[in-house]
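# Structural characterization, general
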Amino acid sequence: MIINPTYTGKQYWSTVIISGLLLSVLLSLAYVIFYERLYVEFSYLFSIIYLIPFVWLSITLAFFKNKFVWSEFSYGKAFLMSFLSGIIGSVIFGGVIYILYAYVGMESRMGLYANSRHMRELFSPRATALSMLIINVVLSLFYSIIIAIFARKKD
């Protein structure tokens, strides 16, 4: 008799939560390092930060699929895992960005080039954190669609 073990709900949701938390830590560290080392006006190297969720979510699904999934793994479950991990990471990352700009004293370098009050409002800590949150959630949606296509597993 061949037994095909498969994942449990606890393994699934703990992977989602842990992946989201680690994604937020990875994004936060990368943002601070890239901001201090690579940020130059009109630099495309800083855009590397937008590829980190794609790589991390791919690694998470590959790990989960190879470690826990022995039978069928649907597109919907793969998409949900990837998307929820991305949302958790994006929300925490947005909070970290807000704290860095509002309380730690990280200075928005874009604001240095703006002389008007309206431009300073666009680069306020709240606006910067909100824009990073929205960008990362939208990117997580697209990344999850792409990743789930390759992560599904049929018997």
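Quantities reported herein were computed from a predicted structural model and do not represent experimental measurements. (Residues numbered from 1 in each chain as written. Predicted model: local features only at pLDDT ≥ 70, side-chain atom pairs only at ≥ 80, totals over all residues. Heavy atoms only, no water.)

## Focus: the side chain of Thr15
Tracing the chain through its elements places Thr15 in helix H1 (residues 9–37). Polar contacts involving the side chain of Thr15 include one to the main-chain carbonyl oxygen of Gln11, which spans 2.6 Å. Those residues within four positions of Thr15 in sequence are excluded, and the remaining contacts are Thr60, Phe64, Phe68, Met81 and Ser85. (Helix = DSSP H or I, 4+ residues; strand = E, 2+ residues; numbered from the N terminus. Polar contact = N/O pair within 3.5 Å; in protein donor to acceptor, adjacent residues only side chain to side chain. Contact = heavy atoms within 4.5 Å.)

## Topic: the packing of aromatic side chains
Taken as a whole and assessed by the stated rule, the structure comprises 12 aromatic pairs. Plain terms: the ring middles of Tyr12 and Trp13 are 5.2 Å apart, the flat faces sit at 85° to each other, and that makes the pair edge-to-face. Judged by its relative accessible area of 41%, Trp13 falls in the partly exposed class. We note Lys77 situated over the ring of Tyr12; from NZ or CZ to the ring centre the distance is 5.4 Å. (Phe/Tyr/Trp six-rings, centres within 6.5 Å; stacked < 30°, edge-to-face > 60°. Buried < 20%, exposed > 50% of the residue type's maximum accessible area, 1.4 Å probe, protein only. Lys NZ or Arg CZ within 6 Å of the ring centre and 35° of its normal.)

## Looking at the confidence of the model for the protein
Mean pLDDT over the protein works out to 83, with 83% of the residues at or above the 70 mark. Here helix H4 (residues 117–122) stands out as the least confident element of the protein, with mean pLDDT 67; helix H3 (residues 75–104) is the most confident, with 92. (pLDDT = per-residue confidence, 0-100.)

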